[in-house]
Amino acid sequence: MTNLLITYYSSYGHMFKMAQAARDAAAEHDDYQVKLRKIPELEAAEKAMSSQDPYLAAQKEQAEITEVSLDDLEWADGIVWGIPTRFGNMPAQVKQFIDTAGGLWAEGKLEDKATGIMSSTNTIHGGQESTILTSMMPLLHFGMIYVGSTYGQNPELSQDKIQGGSPYGPSTIAGSDGSKSPTEGDLKMAGRLAKRVARVAKGINLTK
Ligand SMILES: Cc1cc2nc3c(=O)[nH]c(=O)nc-3n(C[C@H](O)[C@H](O)[C@H](O)COP(=O)(O)O)c2cc1C
């Protein structure tokens, strides 16, 4: 079996939808064992956003999702991250979790795991690509092998429709008021990334 972890943080539910699409696509394959895990919320963020109905509704939807642990990172052969944009960069919630993985890094336990990143922003040029590119850095420090989204497998990348996605990874546009949902193309790209990460992870396992 190839173990695939889909882990994400989502304030308003967009990244959660992309993560679910990634999980569902990979789970179609009998030889992939797939876990969906959320990155824990931070107290300061919860305090800042808990007066917002869309935040409360999205958190309620995710109430049953187990929080990710360092054991999940170690368990995984491949990891897909759902990382929404905060000022063109990763949210503190994700940074906080990644920074707890120093022990695994020190022991080389994350090396040679396949990985890919999905993102979201409110606006079209609000930083999806910069978030994915900068979020790669700690993953490369961990020794992971980065997997992007290919033009060949993702015809959406060559379209001029308003949707997410780049060679760096899938993404979605939430809209300036957060009311848009991921497009069918965005969700398909999320699924294809999960399957590609799992394929690469499986190949690495076979050559170990
Ligand atoms: C503190 C903060 C900073 C944000 N910075 C950006 C930004 O730089 N560009 C942008 O387009 N959207 C920005 N957003 C909007 C989020 O990226 C958007 O709400 C998120 O991608 C939606 O995903 P989610 O529903 O999974 O939380 C920001 C939101 C917050 C709360």
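Residues numbered from 1 in each chain as written. Predicted model: local features only at pLDDT ≥ 70, side-chain atom pairs only at ≥ 80, totals over all residues. Heavy atoms only, no water.

1. What about the overall build of the protein chain?
Next, step 1: Along its length, the protein chain carries eight helices and six strands.
Next, step 2: Mapped in sequence order, the helices and strands of the protein chain form the string β-α-β-α-α-α-β-α-α-β-α-β-β-α.
Next, step 3: The C-alpha radius of gyration of the protein chain comes to 16 Å, within 12% of the 17 Å expected for a compact globule of 208 residues.
Next, step 4: Overall, the protein chain is about 50 × 40 × 30 Å in size when its C-alpha atoms are taken along their principal axes.
Next, step 5: Once local pairs closer than 6 in sequence are excluded, the contacts in the protein chain between residues at least 24 apart make up 79%. (Helix = DSSP H or I, 4+ residues; strand = E, 2+ residues; numbered from the N terminus. Rg over C-alpha atoms; globule rule 2.2 N^0.38 Å. Contact = heavy atoms within 4.5 Å.)

2. Things to note about the site of the ligand
Next, step 1: In the vicinity of the ligand lie 16 residues, with Ser10, His14, Met15, Thr85 and Ser120 positioned nearest.
Next, step 2: At a separation of 2.8 Å, an oxygen atom of the ligand approaches a polar backbone atom of Met15.
Next, step 3: Within the side chain of Ser120, an N or O atom sits 2.6 Å from an oxygen atom of the ligand.
Next, step 4: Against a free-state accessible area of 630 Å², the protein chains account for coverage of 82% of the ligand.
Next, step 5: Those elements that provide at least two residues to the shell around the ligand are α1 (14–27) and β4 (114–121). (Near = heavy atom within 4 Å. Polar contact = N/O pair within 3.5 Å; in protein donor to acceptor, adjacent residues only side chain to side chain. Areas by Shrake-Rupley, 256 points an atom, 1.4 Å probe, with all protein chains shown as cover.)

3. Overview of the pattern of salt bridges
Next, step 1: For the structure shown, the criterion picks out nine salt bridges.
Next, step 2: One salt bridge connects Lys188 with Glu184, and the closest N-O pair in it is separated by 3.3 Å. Of this pair, Lys188 and Glu184 both sit in helix α8 (residues 184–207), four residues apart, which is roughly one turn of the helix.
Next, step 3: A cluster of three or more residues bridged by salt bridges with shared partners is formed by Lys35, Arg37 and Asp72. (Salt bridge = Lys/Arg side-chain N within 4 Å of Asp/Glu carboxyl O.)

4. What about the side chain of Thr85?
Next, step 1: Relative to the elements of secondary structure, Thr85 occurs in the loop between β3 (78–84) and α5 (92–98).
Next, step 2: By relative accessible area, Thr85 is classed as buried at 13%.
Next, step 3: Among the polar contacts made by the side chain of Thr85, one reaches the side chain of Thr131 at a distance of 2.7 Å.
Next, step 4: Leave out the neighbours within four places in its chain, and Thr85 touches Ser119, Ser120, Thr121, Gly126, Gly127, Gln128 and Thr131. (Buried < 20%, exposed > 50% of the residue type's maximum accessible area, 1.4 Å probe, protein only.)

5. Some remarks on the UniProt feature "domain: Flavodoxin-like" (unreviewed entry) in the protein chain
Next, step 1: In the numbering used here, UniProt assigns the feature "domain: Flavodoxin-like" (unreviewed entry) to residues 4–198.
Next, step 2: End-to-end, the C-alpha atoms of residues 4–198 are 6 Å apart, and along that stretch the chain is 39% helix and 16% strand. (UniProt positions renumbered as here; feature names shortened; annotations may be inferred.)

6. Quick notes on unusual backbone geometry
Next, step 1: If you check the backbone angles, Phe87 has positive phi at about 50° while not being a glycine.
Next, step 2: The topology assignment puts Phe87 in the loop between β3 and α5.
Next, step 3: Backbone geometry places Asp112, a non-glycine residue, at a positive phi of 65°.
Next, step 4: Take Asp112: it is sitting in the loop between α6 (102–106) and β4.

7. Looking at the packing of aromatic side chains
Next, step 1: Counted according to the given criterion, the structure contains two aromatic pairs.
Next, step 2: Between Tyr8 and Phe16 the ring centres are 5.5 Å apart and the planes differ by 25°, which places this aromatic pair in the stacked class.
Next, step 3: Look at Tyr12 and Tyr55: their rings are 6.4 Å apart centre to centre, the planes differ by 75°, and that puts the pair in the edge-to-face class. Separated by 43 residues along the polypeptide, Tyr12 in the loop between β1 (2–8) and α1 and Tyr55 in helix α3 (residues 53–61) bring together distant segments of the chain.
Next, step 4: For Tyr12, a relative accessible area of 35% gives the class partly exposed. (Phe/Tyr/Trp six-rings, centres within 6.5 Å; stacked < 30°, edge-to-face > 60°.)

8. Here we look at α1
Next, step 1: The first and last C-alpha atoms of α1 sit 20 Å apart over 14 residues, in line with the 20 Å expected at 1.5 Å per residue.
Next, step 2: Of the positions making up α1, those classed as buried are His14, Met15, Phe16, Met18, Ala19, Ala21, Ala22, Ala25 and Ala26. (Expected span 1.5 Å × (residues − 1).)

9. Digging into the environment of Arg23
Next, step 1: Note that Arg23 resides in helix α1.
Next, step 2: The sequence separation of Arg23 and Gln159 amounts to 136 residues, and the corresponding C-alpha distance is 25 Å.
Next, step 3: Residues in contact with Arg23, not counting those within four places in the same chain, are Ile6, Val34 and Leu36.

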